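# A closer look at the structure
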Amino acid sequence: MNIEITGTGCFIPTETVTNAHFSDHSFYMEDGNPFPHSNTIITRKFVDITGIRERKYVSENQANSDIAFIAADLAVKDSGIDPETLDYIIVAHNFGNVINQTVQTDLVPSIAARVKHQLRIKNPKCVAYDVIFGCPGWIEGVIQAQAFIKAGMARKCLVIGSETLSRVVDHNDRDSMIYSDGAGATVIELLPETDEPRGILAFETASFTYDEVGYLNLGPSYDKERDPNIRYIKMQGRKIYEFALQHVPVAMASCLEKSGIPIEQVTKVLIHQANEKMDEAILQRFYKLYDMEIPEGIMPMSIQTLGNSSVATIPTLLDLILKGKLEDQSLSKGDIILFASVGAGMNINAIVYRL
């Protein structure tokens, strides 16, 4: 059976926040001491490592469920389906609807339930639920949608990745500059068989929790004068980098092997937009497994202007390419895409997909 993406959509917030926005921030180290470098040096090193020059934040009146709905509505319209025929709505996120000017999250009802409500779907057999799987959540949602379809439990699923990370960052932590907001959505359908299989060809997924569970977590502000009971997103950047380089290329290779697709036929590699240097290093390690040079233009990037919007980065990147909105990047029928992601948990996953 062919399980294919038949529609895509994304929402990119309108508020652009450049690195200059952080010039007057007071950055501290984890122990509460002021960071030993000027903000000019911090920002310059930040760009060198992450590639991020600017990022997008939602407006004050927008919630995570609102932007998830916008992306979902665009994907449904792009697919041409009747939303009443959807069997599942799966929304990947990490923090729910975070109330503006607070770090309090609202998860009841689920984001998926709110999206279904905003889509005005009456069908009670359209099941809506959320996935908490770190940054790889959208890929995991697609894997679950595939499983439902293969099991005969569904024919059409809507999978969304949506997040408003700007509302859970510690502005006294230089890592806050990485995060951004956004939403991406895809319609996944069962389509008639073809001579050459299309859609999802193989997947790989894993959770590393024995030693790695705390690499991304919530913690107090690095400014020790702020309320210690208020928690913000925190990460151990070096450990995450080393973990990603060790495990993600292997997962990508394992997924490719399962698919039976030769490495030479891979058209694009869409990796979670977490950190430009880390993604480049992952790709180098991956192609080194095959004793190959990296093909030019194979890894599109959006992080330079969109930042790291967690679960939204890959579906947003896919939509931008398919809609011809990413410079010098395109996809055609029959192209092979390798999706891969890594994030809190620590979780990793990958999908081989033929357009």
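Residues numbered from 1 in each chain as written. Predicted model: local features only at pLDDT ≥ 70, side-chain atom pairs only at ≥ 80, totals over all residues. Heavy atoms only, no water.

Right, let's get into the pattern of salt bridges. By the definition in use, this model includes 8 salt bridges. The closest approach of N and O atoms between Asp-73 and Lys-77, which form a salt bridge, is 3.0 Å. Of this pair, Asp-73 and Lys-77 both sit in helix α2 (residues 64–79), 4 residues apart, which is roughly one turn of that helix. Take Lys-77: its relative accessible area is 61%, and that puts it in the exposed class. (Salt bridge = Lys/Arg side-chain N within 4 Å of Asp/Glu carboxyl O. Helix = DSSP H or I, 4+ residues; strand = E, 2+ residues; numbered from the N terminus. Buried < 20%, exposed > 50% of the residue type's maximum accessible area, 1.4 Å probe, protein only.)

Formed by 55 residues in total, the largest nonpolar core has its most connected members in Met-252 and Val-269. It is helix α5 (residues 237–259) that provides the largest number of residues to this core, a total of 10 residues. Of all hydrophobic cores here, the second largest spans 36 residues; its members include Trp-138, Ile-188, Leu-326 and Leu-355. (Core = buried A, V, L, I, M, F, W, Y, C linked by side-chain atoms within 4.5 Å.)

Put simply, Val-108 and Pro-109 share a cis peptide bond, and its omega is 0°. Turning to its location among the elements, Pro-109 is positioned in the loop between β6 (105–106) and α3 (111–118). With an omega of -5°, the peptide bond between Gly-345 and Met-346 qualifies as cis. Position of Met-346 among the secondary structure elements: in the loop between β14 (336–343) and β15 (347–354). The residue Ser-310 is not glycine, and still its phi comes out positive at about 60°. One can find Ser-310 in the loop between α7 (303–306) and α8 (313–322). One non-glycine residue, Asp-328, lies in positive phi territory at about 60°. As for its placement among the helices and strands, Asp-328 is situated in the loop between α8 and β14.

This next bit is on the packing of α2 against α3. The relative placement of two packed helices comes down to the angle between their axes together with the axis-to-axis distance. Two elements in contact, α2 and α3, have axes whose closest approach is 9 Å; the angle formed by their N-to-C orientations is 55°. Between α2 and α3, the interaxial angle falls into the category oblique. Crossing geometry of α2 relative to α3 is assigned as right-handed. Of the residues in α3, those in contact with Ser-65, Asp-66, Ala-68, Phe-69 and Ala-72 of α2 are Ile-111, Arg-114, Val-115 and Gln-118. Across the contact of α2 with α3, the residue classes tally to 5 nonpolar, 2 polar and 2 charged. (Axes fitted to C-alpha atoms, helices over the stretch in contact; angles between N-to-C directions. Parallel < 35°, antiparallel > 145°, perpendicular 65-115°, else oblique. Left-handed = near helix turned anticlockwise from the far one by under 90°. Contact = heavy atoms within 4.5 Å. Nonpolar A, V, L, I, M, F, W, Y, C, P; charged D, E, K, R; others polar.)

Following the sequence through the fold, Ser-110 ends up in the loop between β6 and α3. Sequence-distant contacts of Ser-110, that is, excluding residues within four places in its chain, are made with Ala-128 and Asp-130.

A few words now on the state of the cysteines. Taken as a whole, this structure holds 0 disulfides when the rule is applied. Here Cys-255 stays unpaired: no disulfide links it, and the sulfur of Cys-135, its closest cysteine neighbor, is 19 Å away. The exposure class assigned to Cys-255 is buried, which follows from its relative accessible area of 0%. (Disulfide = S-S within 2.5 Å.)

Residue placement: Thr-267 occurs in strand β13 (residues 266–271). C-alpha separation for the pair Thr-267 and Lys-234, spaced 33 residues apart in sequence, amounts to 35 Å. Ignoring sequence-local partners within four residues, the contact set of Thr-267 consists of Ile-298, Asp-335 and Ile-336.

Right, let's talk about the packing of α5 against helix α6 (residues 276–288) for a bit. Contact geometry of α5 with α6 gives a least axis separation of 9 Å together with a crossing angle of 45°. Classified by the interaxial angle, the pair formed by α5 and α6 is oblique. For the element pair α5 and α6, the recorded crossing hand is right-handed. Only Lys-277, Met-278, Ala-281, Ile-282, Arg-285 and Phe-286 of α6 make contact with α5, whose side of the interface consists of Ile-240, Tyr-241, Ala-244, Leu-245, Gln-246, Val-248, Pro-249, Met-252, Ala-253 and Leu-256.

Purely geometric numbers; function is a separate question.
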